[in-house]
Amino acid sequence: MKNYTGLTEDTLSMEDEFRCDGFRKLTGPIEHWVTTFHTGYWGFRPDKKEAWEAIEEGEIFLFHASGSKFLDVPNKRVKDAGKGVIGIGRVGAISVKDEPAWWEEVHYDGNYPHLVHFSEIHWFGNTDLIRDAPVRQKSADEMVDDVHALDENKITFGEMDERTGYRIPAQGSPGNIKHPEKLFPLLLERLHGVDPDDRETPESEGETEGSSGRGASSVRSRDRDRGLDSGGRSSGTVSYESSIDETMSGWMDHEHALDTFEDELIDAGFESGETDYSDLLAWRNTNLVLAEAKSIHGSNERSQIRKALGQLYEYSYFDVEQDTERVQKELTRCLVLTQEPSDEYRKFLEYLQEERIFTFWTDEYEIQGLPASVERFEAITE
């Protein structure tokens with residue numbers, strides 16, 4: 001039987017790709033995840049091909065199970081299943097298939113040809129109860145038992161609200177998660193096997209992602225009380241849990257870079273905060289600073305910088321151009337990295353300064369940057 005919760009060093013690749021900034025989510029009926037348990041992959045419809053093609057090796061996805069939709073059984077037998085996060089996985093590859101694999105494909109007219117294969121998976125439920133076989137070999141009664149096994153120990157929306165004051169969006173697959181760091185404590189508890197009775201309930205202000213319409217969003221103070229201590233666990237054995245911890249570390253590097261950059265602006269008299277879109281928005285007099293931070297290393301530098309540039313342009317539109325007051329200020333767009341960029345990308349980033357995108361990075365608690373970027377920063381903070 002496959003056992004994704006106890007993968008060995010021989011079957012895992014714990015490379016630095018896990019140091020990406022956060023994770024996204026995949027959403028589908030809980031019975032679809034029984035197929036993922038057996039095959040190790042997730043599928044997309046033909047109309048999702050573009051989103052599927054954009055998925056990169058090494059990305060981490062939460063497994064969000066919606067309610068049962070295709071099992072032909074009385075609703076009372078499955079009404080409590082799903083509607084929460086049941087696992088997490090790291091992308092290993094993508095491919096295309098032409099054979100039915102999901103219950104919806106086997107018994108109805110579903111079509112999910114575009115596959116995302118996971119090199120590592122951690123299920124939160126009791127997968128020992130699930131027979132490792134294709135769903136076409138299972139009855140509806142066995143599928144009901146399987147979805148309830150996967151459903152055990154899930155992270156519900158109620159738990160997200162109560163313990164973090166934040167919830168992932170219910171719709172969208174693949175879907176972005178604006179504040180993955182808020183979910184880290186809940187994920188670490190599942191990954192480390194913390195008993196439900198021992199789980200803490202932190203106090204937090206309520207917030208629901210995607211609750212407002214698409215447009216200029218209000219600014220709120222950035223939360224620096226992250227409380228992500230994993231207990232100082234250290235082990236020489238490579239495990240999926242340790243790779244997730246490494247991802248948390250990458251996100252903390254990201255937050256440290258933002259904290260350091262924001263502190264410099266605050267010391268210069270800027271007011272600052274975050275929005276539903278932007279990592280950091282700061283203003284003083286006629287100047288407005290929009291910053292996007294990225295955790296980089298050798299293997300992800302290209303993808304992270306490309307992602308950041310797209311976000312800077314998108315957030316310039318939604319957070320600046322659509323706000324009647326902010327659009328009147330002189331905008332400085334800043335890319336904030338967790339380390340100095342490579343020589344290969346330095347020339348490209350120097351070119352971007354002509355497009356008024358300035359590059360900085362952190363060295364411990366100091367902000368450094370390209371010469372013209374530092375000059376620009378000194379000009380707006382003097």
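For the structure itself, consult the block above.
The rules behind each value
Residues numbered from 1 in each chain as written. Predicted model: local features only at pLDDT ≥ 70, side-chain atom pairs only at ≥ 80, totals over all residues. Heavy atoms only, no water. Pairing = 2+ DSSP bridges. Helix = DSSP H or I, 4+ residues; strand = E, 2+ residues; numbered from the N terminus. Axes fitted to C-alpha atoms, helices over the stretch in contact; angles between N-to-C directions. Salt bridge = Lys/Arg side-chain N within 4 Å of Asp/Glu carboxyl O. Buried < 20%, exposed > 50% of the residue type's maximum accessible area, 1.4 Å probe, protein only. Parallel < 35°, antiparallel > 145°, perpendicular 65-115°, else oblique. Contact = heavy atoms within 4.5 Å. Polar contact = N/O pair within 3.5 Å; in protein donor to acceptor, adjacent residues only side chain to side chain. Core = buried A, V, L, I, M, F, W, Y, C linked by side-chain atoms within 4.5 Å. Expected span 1.5 Å × (residues − 1). Bend = angle between axes of the 7 residues up to and from the residue. Phe/Tyr/Trp six-rings, centres within 6.5 Å; stacked < 30°, edge-to-face > 60°.

Draft legend 1. Representation of the sheet that holds strand β12 (residues 357-363) in the model. In spatial order, the strands read β8-β9-β10-β11-β12-β13; together these six strands make up an open sheet with mixed pairing. Among the strands making up the open sheet, the edge pair consists of β8 (271-273) and β13 (366-369). Looking at each pair of strands side by side, their axes are set apart by 25 degrees on average, direction ignored. As paired elements, β8 and strand β9 (residues 280-284) share three bridges and run antiparallel to each other.

Draft legend 2. Inspection of the pattern of salt bridges at higher detail. If you walk through the whole model with that rule in mind, you get 19 salt bridges. Between D141 and R77 there is a salt bridge; the shortest N-O distance is 2.9 Å. Placement of the pair is D141 in helix α4 (residues 140-151) and R77 in the loop between β3 (60-66) and β4 (84-96), with a sequence separation of 64 residues. Look at R77 and you get partly exposed, because its relative accessible area is 32%. Linked through salt bridges whose partners overlap, the residues forming this network are E159, R163, E189 and R190.

Draft legend 3. Seen up close, helix α1 (residues 32-39). Counting buried positions along α1 gives seven out of eight residues, so the element sits mostly inside the fold. Positive backbone phi, at 80 degrees, marks G40, one or two positions downstream of α1.

Draft legend 4. The packing of helix α5 (residues 157-164) against helix α6 (residues 184-191), seen in detail. It is the contact of α5 with α6, at a shortest axis distance of 10 Å, that shows an interaxial angle of 120 degrees. Taken as axis vectors, α5 and α6 run oblique relative to one another. Along its contact with α5, which presents E159, M160, R163 and T164, the element α6 presents L186, E189 and R190.

Draft legend 5. Region of interest: the environment of T39. Along the chain, T39 turns up in helix α1. Exposure remark for T39: the relative accessible area of 24% places this residue in the partly exposed category. For the pair T39 and H117, spaced 78 residues apart in the sequence, the C-alpha separation amounts to 8.5 Å. In terms of polar contacts, T39 uses its side chain to reach the backbone amide nitrogen of Y41, at 3.2 Å.

Draft legend 6. Broad picture of the nonpolar core. Within the largest apolar cluster, 36 residues are counted, with the highest numbers of intra-cluster contacts made by W33, L71, F118 and W123. Put simply, the parts of the chain that give this core at least two residues each are α1, β2 (41-44), β3, β4, β5 (114-123) and α4. Those residues in contact with F118 that sit more than four places away from it in its chain are L26, G40, Y41, W42, F63, G89, R90, V91 and G92. In terms of nonpolar packing, the next biggest core, distinct from the first, is built from 21 residues, V320, L331, L335 and L370 among them.

Draft legend 7. Just helix α8 (residues 301-321), in detail. Taking 1.5 Å as the rise per residue, α8 with 21 residues should run 30 Å; its terminal C-alpha atoms sit 29 Å apart, in good agreement. The sharpest bend along α8 comes to roughly 30 degrees, located at Y315. Every buried residue of α8 is accounted for by E301, Q304, I305, A308, L309, Q311, L312, Y315, S316, F318, D319 and V320. As for α8, its buried residues are in contact with β10 (287-294), β11 (330-337), α9 (343-352) and β12.

Draft legend 8. Fine view of the packing of aromatic side chains. Scanning the entire structure with this criterion turns up 18 aromatic pairs. Taken together, a centroid distance of 5.4 Å and an interplanar angle of 45 degrees make the contact between F261 and F360 tilted. Of the two residues, F261 is situated in helix α7 (residues 240-267) and F360 in strand β12; the sequence distance between them amounts to 99 residues. Neither F261 nor F360 differs from the other in exposure class; each is buried. A network of ring pairs unites the aromatic residues W33, F37, Y41, W42, F63, W102, Y112, F118 and W123 as a single cluster.

Draft legend 9. Here's a closer look at the pairing of β12. Buried residues dominate β12, accounting for six of its seven residues. Pairing of β11 with β12, which is carried by five bridges, proceeds in the parallel orientation. Following the sheet pairing, L335 is matched in β12 by T359. Of the pairings in the sheet, the one linking β12 to β13 comprises four bridges and is antiparallel in character. Across the sheet, the residue bridging to D363 is E366, located in β13.

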